[in-house]
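What the coordinates show
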Amino acid sequence: MTGANGFMGSRIVRELLGRGYEVTALVGADMDLANLEGLDVEVRPFDLLDRDGVRAALADGELLVHNAACYSFWQPDPYHIYRVNVHGTQHVLEAAADLGYRKIVYTSSTATLTPSINREVETEESLFDLRRFQGHYKSSKVIAEMAVMRLAAQGLPVVVVHPTTVLGQGDRRPTPTGGMIVHFLNGRMKAYADTVLNIVDVDDVAEGHVLALERGGNGHQYILGGENMTMRAMCGVLSELTGIPEPRVVLPPRLLLVMGRINEFLANHVTHHTPLIDVESTLHAMANRPSDSSHAEKELGYTPSRADVALAKATAWFVENGYCSARRRRKIEAHGALRRKLEG
């Protein structure tokens, strides 16, 4: 299991352990082991960019979930995203092929499907419209997926899964997805573009990975999503759960894009810190469409939770783990709606 100490990876590890698998956790040095605390796993250090080290780390395995990735919409060195997501994936899958792995699940993204040239609701049949999007993260995942499918055509027993907007516990960095909730909790979300998101709980996605490992067809693709929801509706749910007023200003996506370019310029040349608004997030907002995970539901037995449940679980984890001030936490606890939702 690559990326085992990360947000999604650590939840997949728990799902595997719960189903009786012995797990070797391949962990990167860019994150500590807090997400694996108390779990009965063998931990092996792992550097995606070290071809020989990857091969050594994968020795003695039979089944593989390759979840490690750079999920970031801005990096001081943009090529780092490609080194990790493209070259790293090639190193992992080539080693797995040489070592004779029986089954591999590769974590892609619905970023490789949307916006499509032939669908209004994204499915596994969507064809990514290369004319309509630019962004380092999305581009890296598209290139990596092309490499994966080429190996699948050559006989590698690999299944590709496409998580949507994943939320939940263990998002310590946090990811760009979890960052939306953190911004809301801290009152930094003053405006938004009313895009469409497909919201899914990380534990549902973890279960989907294991179902793909057990039941997925070689060379097949599965969207692991939940419920489609507009950003306006998501902010409304977060407001109901926390008592924090939802932002009232809806920005045209193109204005948000200008703000993203300004923020990235400052990040690149002045602050050298992650910008509050980045260009790729804005491009996602302009391109997002509803997603349909019915193929995974029918073929794998995948059963995602409702979006409001996923939002409640993620919000509770961020509040409990210090991602907002003590004063805001007390107000949210006094409001009581989040507690009632989780208890109900």
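A brief look at the structure comes next. The model shown is predicted, which means the values in this text are computed figures rather than measured ones. (Residues numbered from 1 in each chain as written. Predicted model: local features only at pLDDT ≥ 70, side-chain atom pairs only at ≥ 80, totals over all residues. Heavy atoms only, no water.)

Here we take up the overall build of the chain. Scanning the chain from N- to C-terminus turns up 13 helices and 11 strands. Its C-alpha atoms give the chain a radius of gyration of 19 Å, near enough to 20 Å, the size a compact globule of 344 residues would have. With the C-alpha coordinates aligned to their principal axes, the bounding extent of the chain is approximately 55 × 45 × 40 Å. Evaluated residue by residue, the chain yields a buried proportion of 54% over its 344 residues. Counted over contacts in the chain with a minimum sequence separation of 6, partners at least 24 positions apart contribute 75%. In the form shown here, the chain has an accessible surface area of approximately 15500 Å², with 51% of it arising from carbon and sulfur atoms. Each charge class in the chain was averaged separately, 36 positive and 41 negative side chains, and the resulting centres sit 7 Å apart. (Helix = DSSP H or I, 4+ residues; strand = E, 2+ residues; numbered from the N terminus. Rg over C-alpha atoms; globule rule 2.2 N^0.38 Å. Buried < 20%, exposed > 50% of the residue type's maximum accessible area, 1.4 Å probe, protein only. Contact = heavy atoms within 4.5 Å. Areas by Shrake-Rupley, 256 points an atom, 1.4 Å probe, with all protein chains shown as cover. Lys, Arg positive; Asp, Glu negative; His and termini not counted. Charge placed at Lys NZ, Arg CZ, Asp CG, Glu CD.)

What follows covers the sheet that holds strand S6 (residues 165-167). Strand order in this open sheet of three strands is S6-S8-S10, and the pairing throughout is mixed. Two strands lie at the open edges of the sheet, namely S6 and strand S10 (227-230), each paired on one side alone. Neighbour-to-neighbour, the strand axes of this sheet turn through a mean angle of 40°, independent of strand direction. Judged from the three bridges that link them, S6 and strand S8 (residues 196-201) form a sheet pairing that is parallel. If you follow Val-166 over to S8, its bridge partner there is Val-200. Against the sheet, helix H7 (residues 231-242) engages S8 and S10, with an angle of about 90° to S10. (Pairing = 2+ DSSP bridges. Axes fitted to C-alpha atoms, helices over the stretch in contact; angles between N-to-C directions.)

Tallying each qualifying case throughout the model produces 18 salt bridges. Between Asp-203 and Arg-11 there is a salt bridge, with the nearest N and O atoms lying 2.9 Å from each other. On the criterion of sequence distance, the pair formed by Asp-203 in helix H6 (residues 202-215) and Arg-11 in helix H1 (residues 7-18) is long-range, its members being 192 residues apart. Using a relative accessible area of 13% as the deciding quantity, one classes Arg-11 as buried. What you see here is one network of salt bridges that share partners, running through Arg-11, Asp-201, Asp-203 and Lys-313. (Salt bridge = Lys/Arg side-chain N within 4 Å of Asp/Glu carboxyl O.)

What follows deals with the pairing of S8. The element S8 is largely enclosed, with a buried count of five among its six residues. With four bridges joining them, S8 and S10 adopt antiparallel strand pairing. Residue pairing in the sheet places Val-196 in a bridge with Thr-230 of S10.

Taken in spatial order, the four strands line up as S3-S4-S5-S9 in an open sheet, and their pairing is parallel. Every interior strand has two partners, whereas the edge strands, strand S3 (63-66) and strand S9 (221-224), have only one. Adjacent strand axes in the sheet meet at a mean angle of 20°, parallel and antiparallel pairs treated alike. The sheet contact formed by strand S4 (residues 103-107) and strand S5 (residues 158-163) spans four bridges and is parallel. When the bridges of S5 are listed, Ile-104 appears paired with Val-158. Contacting S4, S5 and S9, helix H4 (residues 136-153) crosses the sheet at an angle of about 155° to S5.

As a further point, take H6. Between the first and last C-alpha of H6 there are 20 Å, a value that for 14 residues agrees with the 20 Å anticipated at 1.5 Å per step. Of all the 14 residues making up H6, 10 are buried; the element is thus mostly covered by neighbouring parts of the structure. Every buried residue of H6 is accounted for by Val-202, Asp-204, Val-205, Ala-206, Gly-208, His-209, Val-210, Leu-211, Ala-212 and Leu-213. Looking at where H6 begins, the residue whose side-chain oxygen comes 2.9 Å from the main-chain nitrogen of Asp-203 is Asp-201. (Expected span 1.5 Å × (residues − 1). Polar contact = N/O pair within 3.5 Å; in protein donor to acceptor, adjacent residues only side chain to side chain.)

Our next topic: the packing of aromatic side chains. A full pass over the atoms with the stated rule returns seven aromatic pairs. Ring pairing ties together the aromatic residues Tyr-71, Phe-73 and Tyr-137, which thus form one cluster. (Phe/Tyr/Trp six-rings, centres within 6.5 Å; stacked < 30°, edge-to-face > 60°.)

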